[in-house]
Amino acid sequence: MSSSTTVRTARRRTLRIAAAALTAAAGLTLTACSGSDAADAKSAGHTSTSSAAAKSTASGGSGAQNSDGKTSTDAKADAKAGATGKQSGGTQSATPKAASPVRTQRLADGISKAEIYKLGDQHYRAKIVARGSVLATLETKGRDDGLDANDMFVTLTLDGQVHSWMGGGHQGPGTFKLAGGWTAKVTKVGELRYRAQIIGHDGVAATLETNQHDVGLDANGISIVLSAGGVLSAHE
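Here the structure is a predicted model, which means the values were calculated and not measured.

1. A look at the overall build of the chain
- Counting its regular elements, the chain contains 2 helices and 15 strands.
- For the chain, buried positions account for 26% of its 236 residues.

So, in structure tokens, the structure goes:
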């Protein structure tokens, strides 16, 4: 083979190698671009999903939905609200309120008054009010009630009658004659606990006993109060 032929053959081989190198480089470039595009697409998709999740969180939803289209958080909130509503309704229905007193009565000291409320059959409440403040409350719960308010004695009966008077107290223990022919025998049975036996012609007709609060009784038209300090007073 001549030298010129050898040179041409070498040049052709060189051009083929260069062309192959260029083709390979182009393929690598396309692969790199394709991978970059896929990565960008994946990144964009991830960012979009994250944005949607962020928007869902910001709007108060958890992203999980039940069959009626509400998020599980909303459903829980609805259930909690419903339970609260039921409980509130039950509480309201279980708490009766006396709207206004059936009458107001001036008491023996000339300053205080009794506001009498009817709560039910033989169930009354009397608020002792002076200068806009409630000083004490009497309530009948199956029996009469009474109060010693600084030497003013007040009784509230089962039929809602209020009787008040000033003074006439006897300090127990002891035995005392009362109005209406009654006799009261007062004994101390504990701290702030006194017992008064109301005795008539036929023996003991009634018993009053304090348990850290005053008590009262209507005995055939005679009002009797026994205080937690052992003071007994009666008035006709």
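2. Concerning the packing of aromatic side chains
- Counted under the stated rule, the structure contains 1 aromatic pair.
- Ring plane angle 20 degrees and centroid distance 5.8 Å describe the contact between Phe153 and Trp165, whose orientation is recorded as stacked. Placement of the pair is Phe153 in strand E6 (residues 152-156) and Trp165 in strand E7 (residues 162-166), with a sequence separation of 12 residues.
- Looking at Phe153, the relative accessible area reads 0%, which means it is buried.

3. With respect to the sheet that holds strand E2 (residues 113-120)
- Read across the open sheet, the 4 strands follow the order E1-E2-E3-E4; overall the sheet is antiparallel. Each of the sheet's edge strands pairs with one partner strand only, and the pair in question is strand E1 (103-106) and strand E4 (133-139). For this sheet, the mean angle separating the axes of adjacent strands, direction not counted, is 25 degrees.
- Looking at chain direction, strand E3 (residues 123-130) and E4 are connected through 6 bridges and run antiparallel. The partner of Ala130 across the bridge, within E4, is Ser133.

4. Comments concerning the nonpolar core
- The biggest cluster of nonpolar side chains holds 17 residues, and the ones touching the most others in it are Leu178, Val186, Leu208, Ile224, Leu226 and Leu232.
- Only strand E10 (183-190), strand E11 (193-200), strand E13 (215-219), strand E14 (222-226) and strand E15 (231-235) provide two or more residues apiece to this core.
- Sequence-distant contacts of Val186, that is, excluding residues within four places in its chain, are made with Gly172, Pro173, Gly174, Phe176, Tyr194, Arg195, Ala196, Leu226, Gly230 and Leu232.
- In terms of nonpolar packing, the next biggest core, distinct from the first, is built from 13 residues, Ile116, Tyr124, Ile128 and Leu138 among them.

5. Let's talk about the confidence of the model for the chain
- Per-residue pLDDT for the chain has a mean of 74; in total, 58% of the residues score no lower than 70.
- Note on residues 1-11: pLDDT is under 50 here. Beyond four places in sequence and across chains, it has 1 contact.
- Every residue in residues 17-95 is under pLDDT 50, and counting partners more than four places away or in other chains gives 17 contacts.

6. Considering the sheet that holds E11
- The strand order across the open sheet built from 4 strands is E9-E10-E11-E12, with neighbouring strands paired in antiparallel fashion. On the outer flanks of this sheet lie strand E9 (174-177) and strand E12 (203-209), each paired with one strand and no other. Pairs of neighbouring strands in the sheet enclose a mean axial angle of 25 degrees, with direction left out of account.
- Where E9 meets E10, 4 bridges bridge the pair, whose relative direction is antiparallel. Bridge assignment links Lys177 to a residue of E10, and that residue is Thr183.

7. A look at unusual backbone geometry
- Here the bond from Gly172 into Pro173 is cis, since omega is 5 degrees, no more than 30 degrees from zero.
- Position of Pro173 relative to the elements: it lies in the loop between strand E8 (170-171) and E9.
- In this model, Arg131 sits at a positive phi of 55 degrees, which is unusual for a non-glycine residue.
- Secondary-structure assignment places Arg131 in the loop between E3 and E4.
- Even without glycine at this site, Gln212 takes up a positive phi of about 70 degrees.
- Here Gln212 is to be found in the loop between E12 and E13.
- When its relative accessible area of 58% is taken as the criterion, Gln212 is described as exposed.

Reading the values: rules and limits
- In this convention, every chain numbers its residues from 1, walking through the sequence in written order.
- Confidence filtering applies because this is a predicted model: local features only for residues at pLDDT of at least 70, side-chain atom pairs given and counted only at 80 or more, and all residues used for totals across whole chains, interfaces and linings.
- Neither water nor hydrogens contribute to the side-chain values; these are computed over all heavy atoms in the structure.
- Secondary structure is summarised from DSSP: a helix means a run of H or I of at least four residues, a strand means a run of E of at least two, and numbering begins at the N terminus for each.
- Accessible area is worked out with a 1.4 Å probe on protein chains only. A residue is then buried under 20% of its type maximum, exposed over 50%, and partly exposed in between.
- When the centres of two rings from Phe, Tyr and Trp lie within 6.5 Å, Trp using its six-membered ring, the rings pair. Their planes under 30 degrees apart give stacked, over 60 give edge-to-face, and anything left gives tilted.
- DSSP calls a pair of strands paired once it identifies at least 2 bridges connecting them.
- Axis definition: a line fitted to C-alpha atoms, over the contacting stretch in the case of helices. Angles run 0 to 180 degrees between N-to-C directions.
- Think of a nonpolar core as a cluster: buried Ala, Val, Leu, Ile, Met, Phe, Trp, Tyr and Cys residues, connected wherever their side-chain atoms sit within 4.5 Å.
- The criterion used for residue contact is that any of the two residues' heavy atoms lie within 4.5 Å.
- Along the chain, pLDDT gives the predictor's confidence residue by residue, from 0 to 100.

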